[in-house]
Amino acid sequence: MRLEPKPAPSLATTLLFPVGAVAVTVLVASLLVLAAGANPLSVFGLVLKGAAGSQFALMETLTRATPLIFTGLAVAVAFRAKLWNIGAEAQLYAGAILTVVLGTGALPLPAIVLLPLIAIFAALAGAMLLLGPAVLKVRFGVDEVVTTLLLNFVMILFVSMLLEGVLKDPTGLGWPQSQKLIAEARLPRIVTGRRLHYGFVLALVSALAVWIVMKKTTLGYEMRAVGHNPEAARFSGMPVNRILLKTALISGGLAALGGFSEVAGLKGNLTLDLSPGFGYSGIVVAMLAMLNPLGVVVAAIFVAGIFVGADAMSRTAGVPSYIANVMVATALLTMVTAIMLMRFRVRWR
Amino acid sequence: MTEAFDILLQTSFWVAAIRIASPLIFATMGELICERAGVLNLGIEGIMVAGAFAGWFTVYSGGDLWAGVLVAALTGAAFGLLHSTLTVPLGLSQHVVGIGVTLLATSLTYFTYRLALPEVTSPPKIEAFQPLPIALLSDIPLVGPALFAQTPLTYLAYVTVAVVAWALYRTPLGLAVRAAGENPSSVEAQGISVTAIRMGAVMVGSALMAVGGAFLTMSAFNSFFFEMVNGRGWICIALVVFGSWRPGKALIGAVLFAAFDAYQVRLQQVTGGVVPYQLFLMLPYLLSILALVLVARRATYPKALMVPYQKGER
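Residues numbered from 1 in each chain as written. Chains lettered and ligands numbered in written order. Predicted model: local features only at pLDDT ≥ 70, side-chain atom pairs only at ≥ 80, totals over all residues. Heavy atoms only, no water.

Along its length, chain A carries 13 helices and two strands. C-alpha atoms of chain A, sized along the principal axes, occupy 70 × 60 × 30 Å. Each of the 349 residues in chain A was classed as buried or not, and the buried ones make up 54%. Put simply, 76% of the contacts in chain A that link residues at least 6 apart link residues at least 24 apart. Split by element, the accessible area of chain A, about 14,800 Å² in all, is 69% carbon and sulfur. (Helix = DSSP H or I, 4+ residues; strand = E, 2+ residues; numbered from the N terminus. Buried < 20%, exposed > 50% of the residue type's maximum accessible area, 1.4 Å probe, protein only. Contact = heavy atoms within 4.5 Å. Areas by Shrake-Rupley, 256 points an atom, 1.4 Å probe, with all protein chains shown as cover.)

Structural data, given as structure tokens:
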């Protein structure tokens, strides 16, 4: 078989293929629901209701989408330049650590000064963490996939060490958790009585900012050029290595802001289960969005809806909530296939 | 200080080192085959999880131990088929598909585990493989028990390295696999399908990764629990680079790594809790990164690694 490039896809095909990808995902999930002895229609009804059936559900979904927007943006920026950052998980924790270090009373400042300061330092921590693998890549040719993956494991051990050591909450009854943030370091709630916080607004602003950088600035153009064809970019005189390092700083910083937002907006302290794999889900979010920063927002809400809805569903229908993870992984694979089929025609002879 | 050195003379240390190395050997050989054919398989971590569960669950449901190994291998091959269908004929990004396969294999495994054992809090144990000392050889001091008083699965790991090395360098099929990773059009010129070779290599490689995972549940921990693979797959990817894509060197890398891992556990006990234990647990991951940095400059990647092949394209 051969693949032949198609002419520019029409609007209809641009919509048809992603819909097909979602349909296959739903089909796979239906088989699992049947295996669990439940009725797919009622289960999907429960998922939908749990994700968007009420104001409460909708707000929960947006709350869950917030860290996914940050990690999704981090991955989208990096993958656009073909910098394979699989370490958003670790960078998110780096931001969370800085938030706790600076936000538990070390700096007696008013919220209006303290919050931006913490956000900047959190982003710097994440940026520095990805700079390491990026430098190893451009200087020594070390594959960043493996280094960023391995650093995820190092980071969670590092957090564990801090939470049992210097950052341990003395009043925490021995649990590995940090002290609570002071009130000035907390991001306020958007609606009182709901968990949705201003981290979500920060995520939307970040998405817009990244979109502007990618579409309207020289740096964005250079990043796309490096990702498209590094040899051609180098030949045309672009400082490819410098561009990759800048990409790493932006990507790592974005993921770390996710950690800041989770701690300062939602949890109020740092624990070992801060992220149930937000870094990895960010890869799915970025791919579903076809690496478009604004698409990341939509994709993150979609993925968050699956997780929140499946949690609610599993409590009543008895289908394990891991079905959400299966759906998200399946959606990733079907979506990349759909994008390819949108651009190429398969010829069997 | 002498205590730290004495560890190296303990028989139990070397026995543990070889036991820790065994799953890494299977999975490293699996990844090596894939990469030699030109396909980076980042599905490794998830395939190991699936293999660990498939093998354990077969035995838990009343199957024979070797049937468990077979089921694990077939499960791995199935995920290999999925991975290679997307990456070889369709030419999708091997990074993205690999991560996708890892996420899918892991989540499907967890889903199945919860479905099969909804009420379980502590994971049930199985009657796993027992050590099978080989007469005479296992009586050699230090080396004997370490190499020849292990479970049959460890012996299978030795055999796997020998077979992979022989097949890659001494058979026409191995030549075709290596050529598919270096210069695919030369394979096509021989009238052999690059697609078939690459897909076959990924399926066989994935089967080995799954057996590596099954070692954990069937020859080490004797039960299945979440996050038991714990980055071993990613370490194997580093080991392939460290071993310059050669089975023998990769084997040495796996044993060295495992010895280090066994050593840090014992060193923790010697230092007696002064140093946080997390620092010791970090060392294997940091060591893998360091190893990559050391070899990266002179690493000779298979030339067509991660390059999709289209028939008739130059």
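Two side chains with opposite charge may pair up if their charged atoms get near one another. Residue and element names in this part refer to chain A. The tally for this structure, following the rule as stated, stands at five salt bridges over all chains. Linking Glu60 and Arg195 is a salt bridge whose minimum nitrogen-to-oxygen distance equals 3.0 Å. With a gap of 135 residues between them, Glu60 in helix α3 (residues 55-80) and Arg195 in the loop between α6 (144-164) and α7 (199-216) connect regions that are remote in the sequence. The exposure class assigned to Glu60 is buried, which follows from its relative accessible area of 16%. (Salt bridge = Lys/Arg side-chain N within 4 Å of Asp/Glu carboxyl O.)

Phe79, Phe260, Leu270 and Ile323 of chain A together with Met218, Phe224 and Trp234 of chain B are the most contacted members of the largest nonpolar core, which totals 214 residues. Setting aside its immediate chain neighbours within four residues, Phe79 of chain A contacts Trp84, Asn85, Ile86, Ile283, Met287 and Leu291 of chain A together with Val96 of chain B. Of all hydrophobic cores here, the second largest spans six residues; its members include Ile7, Phe13, Ala16 and Ala259 of chain B. (Core = buried A, V, L, I, M, F, W, Y, C linked by side-chain atoms within 4.5 Å.)

All names here are of chain B. Relative orientation of the contacting elements helix α11 (residues 232-242) and helix α13 (residues 277-296) amounts to 25°, with a least axis distance of 9 Å. Between α11 and α13, the angle falls in the class roughly parallel. When the axes of α11 and α13 are compared, the crossing they make is left-handed. On the side of α11, the interface is formed by Ile235, Ala238, Val241 and Phe242, while α13 contributes Tyr285, Ser288, Ala291, Leu292 and Val295. When its residues are assigned to classes, the contact of α11 with α13 shows eight nonpolar, one polar and no charged. (Axes fitted to C-alpha atoms, helices over the stretch in contact; angles between N-to-C directions. Parallel < 35°, antiparallel > 145°, perpendicular 65-115°, else oblique. Left-handed = near helix turned anticlockwise from the far one by under 90°. Nonpolar A, V, L, I, M, F, W, Y, C, P; charged D, E, K, R; others polar.)

Below, the discussion takes up the packing of helix α12 (residues 247-271) of chain B against α13 of chain B. Residues and elements named next belong to chain B. Here α12 crosses α13 at 165°, and the two axes come no closer than 9 Å. Comparing the axis directions of α12 and α13 gives the class roughly antiparallel. The interaxial crossing formed by α12 with α13 has right-handed handedness. Between α12 and α13, the residues in contact are Phe257, Phe260, Asp261, Gln264, Leu267, Gln268 and Thr271 and Tyr277, Phe280, Leu281, Leu283, Pro284, Leu287 and Ser288, respectively. Residue classes in the contact of α12 with α13 are distributed as nine nonpolar, four polar and one charged.

All names here are of chain B. Taking 1.5 Å per residue, 17 residues should reach 24 Å; helix α3 (residues 44-60) reaches 24 Å between its end C-alpha atoms and fits that length. Of all the 17 residues making up α3, 15 are buried; the element is thus mostly covered by neighbouring parts of the structure. Positive backbone phi, approximately 105°, marks Gly62, located one or two places after α3. (Expected span 1.5 Å × (residues − 1).)

Residue and element names in this part refer to chain B. Applying the stated criterion across every chain yields a total of zero disulfides over all chains. No disulfide involves Cys34; its sulfur sits 12 Å from that of Cys236, the nearest cysteine. Cys236 sits in the buried class, given a relative accessible area of 0%. (Disulfide = S-S within 2.5 Å.)

A word on the packing of aromatic side chains. Residues and elements named next belong to chain B. Summed over all chains, the structure comprises 23 aromatic pairs over all chains. Each ring, one from Phe13 and one from Trp14, has its centre 4.9 Å from the other, and the planes form 70°; the classification is edge-to-face. Residue Phe13 is classed as buried on the basis of its relative accessible area, which comes to 1%. Ring centres 5.4 Å apart and planes at 65° place the aromatic pair Tyr113 and Phe226 in the edge-to-face group. (Phe/Tyr/Trp six-rings, centres within 6.5 Å; stacked < 30°, edge-to-face > 60°.)

Residue and element names in this part refer to chain A. Compared with the 38 Å implied by 1.5 Å per residue over 26 residues, the 35 Å span of α3 between its first and last C-alpha is a close match. The element α3 is extensively covered by neighbouring structure, given that 20 of its 26 residues are classed as buried. Positive backbone phi, at 55°, marks Lys82, one or two positions downstream of α3.

Residues and elements named next belong to chain B. Mapped onto the fold, Ile140 is located in the loop between α5 (94-116) and α6 (143-148). Residue Ile140 is classed as partly exposed on the basis of its relative accessible area of 38%. In this structure the C-alpha to C-alpha distance between Ile140 and Ala73, which are 67 residues apart in sequence, comes to 33 Å.

Opposite the 46 residues of chain B that make contact, chain A presents 46 residues. Approximately 4,100 Å² of surface area, both sides summed, lies buried where chain B meets chain A, with 81% of it carried by carbon and sulfur atoms. Summed over the three residues of chain B that lose the most area to chain A, namely Val96, Phe111 and Trp234 of chain B, the buried surface amounts to 15% of that side. For the pair chain B and chain A, the number of links is zero salt bridges. Across the contact surface, chain B and chain A share five residue pairs in polar contact (both at pLDDT 80 or more). (Buried area = accessible area lost by both parts, 1.4 Å probe. Polar contact = N/O pair within 3.5 Å; in protein donor to acceptor, adjacent residues only side chain to side chain.)

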